[in-house]
Amino acid sequence: MEIIDAVFLGIIQGLTEFLPVSSSGHLEIGKALLGSQSIPEESLMITVVLHFATALSTIVVFRKDVAEIFRGLFSFRWNDETKFSLKIVLSMIPAVFVGLMFEEELESLFGGNLTFVGFMLLITSVLLWLADRAKNTGKPVTYKDSIIIGVAQAIAILPGISRSGATISTSVLLGNDKTRAARFSFLMVVPLILGKIAKDLLSGDLTNTSIEPVPLLAGFIAAFIAGFAACTWMIALVRKSKLTYFAIYCFIVGTIAIGYQYFYA
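No experiment lies behind these values; they were computed from the predicted model shown.

It is not clear to me how the nonpolar core should be interpreted in this structure. Could you clarify?
Soluble globular proteins tend to bury their nonpolar side chains together. Ranked by internal contacts, the top residues of the largest apolar core, which has 39 residues, are Phe-62, Phe-186, Met-234 and Phe-246. Breaking this core down by element, the ones donating at least two residues are α4 (63-73), α5 (80-101), α7 (114-132), α9 (163-173), α10 (178-203), α11 (213-239) and α12 (244-263). Ignoring anything within four residues of it in the chain, the contact list for Phe-246 reads Leu-19, Pro-20, Val-21, Leu-128, Trp-233, Met-234 and Leu-237. Listed in part, the 8 residues of the second largest apolar core include Ala-6, Ile-46, Val-49 and Ala-53.

Rendered as structure tokens:
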């Protein structure tokens, strides 16, 4: 893998992990437009490295929150940090269940079906539009909310549904404070990313890869910087109710995808 390719993949991974545009949906559109052979398959190693970079960028952005959570957990008392950690665990259950129980069914959806992807992008657009018009409150995420947000995250496995868009929108529509909604959305994905990385490491598949360390490092740095910038930017956008721009973008791309599938495919 060339350094420029690794940097490009890193930037895409860093941006789409946090911006509500659905990276999986855009990948399916790219495959349909350019042909599946035109987009080289990412090796497992580069995927693991880039995901670790975005997880690390999230931890850095929320370093104060993460430090407080760990201090609270290691005090071995039932405090706010312990309650927040339990909410994170509850939010992970739906996605883990869906990922393990319906792995083959989900993989079948990633076959360049632009009509499906287009309609999912339209759903993302509606969610973002509604969330932008919700009133900002001081309401924290409850245990019940965390499970519902977790269901939204599980649904976002579908190509075209943005994970950050679905989870933040769901949280805001439940009446949660917008800043807290963004914070919860970004922190809840870190354990899932780290868990997936651990699963890939334990599987032994990484021993079959042969990528040079320099492209890996370049991709890691690019993903970290892009992820840090996108995560910080999204927090500000959610707080200032600026998600409508992404809603319009997803609506346009979704409509074009459906039209292309209908008239040209």
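Which parts of the structure should I look at to understand the side chain of Gln-13?
Structurally, Gln-13 is set in helix α1 (residues 3-16). Not counting residues within four places of it along the chain, the set of residues in contact with Gln-13 comprises Leu-50, His-51 and Thr-54.

Where do I start with the pattern of salt bridges in this structure?
For side chains of opposite charge, pairing can occur when their charged atoms come near one another. Enumeration according to the criterion identifies 2 salt bridges in this entry. We note a salt bridge from Arg-183 to Asp-65, for which the minimum N-O separation is 2.5 Å. Of this pair, Arg-183 sits in helix α10 while Asp-65 sits in helix α4, placing them 118 residues apart in sequence. Accessibility expressed as a relative area gives 23% for Arg-183, which makes it partly exposed. One salt bridge connects Lys-139 with Asp-145, and the closest N-O pair in it is separated by 2.6 Å. Look at Lys-139 and you get partly exposed, because its relative accessible area is 30%. A relative accessible area of 6% means that Asp-145 is categorised as buried.

When you look at unusual backbone geometry in this model, what are you seeing that I'm missing?
The backbone of Phe-76 sits at a positive phi, close to 55°, despite the residue not being glycine. Within the secondary structure, Phe-76 sits in the loop between α4 and α5. For Ser-241, which is not a glycine, the phi torsion comes out positive at approximately 55°. Its place among the elements puts Ser-241 in the loop between α11 and α12.

Where do I start with α12 in this structure?
Each full turn of the α-helix corresponds to 3.6 residues, which orients residues three or four apart in the same direction. Look at α12: 28 Å from first C-alpha to last across 20 residues, which is about the 28 Å you get at 1.5 Å a residue. Where α12 is concerned, the buried positions are Phe-246, Ala-247, Cys-250, Val-253, Gly-254, Ala-257 and Ile-258. Down the axis, α12 shows its buried residues gathered within 140° of arc, on one side only. Seen from the buried face of α12, the exposed residues on the opposite side, beyond 90 degrees, are Tyr-245, Ile-256, Tyr-262 and Phe-263.

Which parts of the structure should I look at to understand the packing of aromatic side chains?
Centre distance and the angle of the planes are the two values used to describe a pair of aromatic rings. This model, assessed by the stated rule, comprises 10 aromatic pairs. Relative to Phe-76, the ring of Phe-74 lies with its centre 6.3 Å away and its plane at 90°, an arrangement referred to as edge-to-face. For Phe-76, a relative accessible area of 70% gives the class exposed. Centre to centre, the rings of Phe-97 and Phe-102 are 6.2 Å apart; their planes meet at 75°, and the pair counts as edge-to-face. On the accessibility criterion, Phe-97 (47% relative accessible area) is partly exposed.

Cut-off values and rules
Residues numbered from 1 in each chain as written. Predicted model: local features only at pLDDT ≥ 70, side-chain atom pairs only at ≥ 80, totals over all residues. Heavy atoms only, no water. Core = buried A, V, L, I, M, F, W, Y, C linked by side-chain atoms within 4.5 Å. Buried < 20%, exposed > 50% of the residue type's maximum accessible area, 1.4 Å probe, protein only. Helix = DSSP H or I, 4+ residues; strand = E, 2+ residues; numbered from the N terminus. Contact = heavy atoms within 4.5 Å. Salt bridge = Lys/Arg side-chain N within 4 Å of Asp/Glu carboxyl O. Expected span 1.5 Å × (residues − 1). Arc of directions from axis to C-beta. Phe/Tyr/Trp six-rings, centres within 6.5 Å; stacked < 30°, edge-to-face > 60°.

Interpretation note: all reported values are geometric properties and have no functional meaning in isolation.
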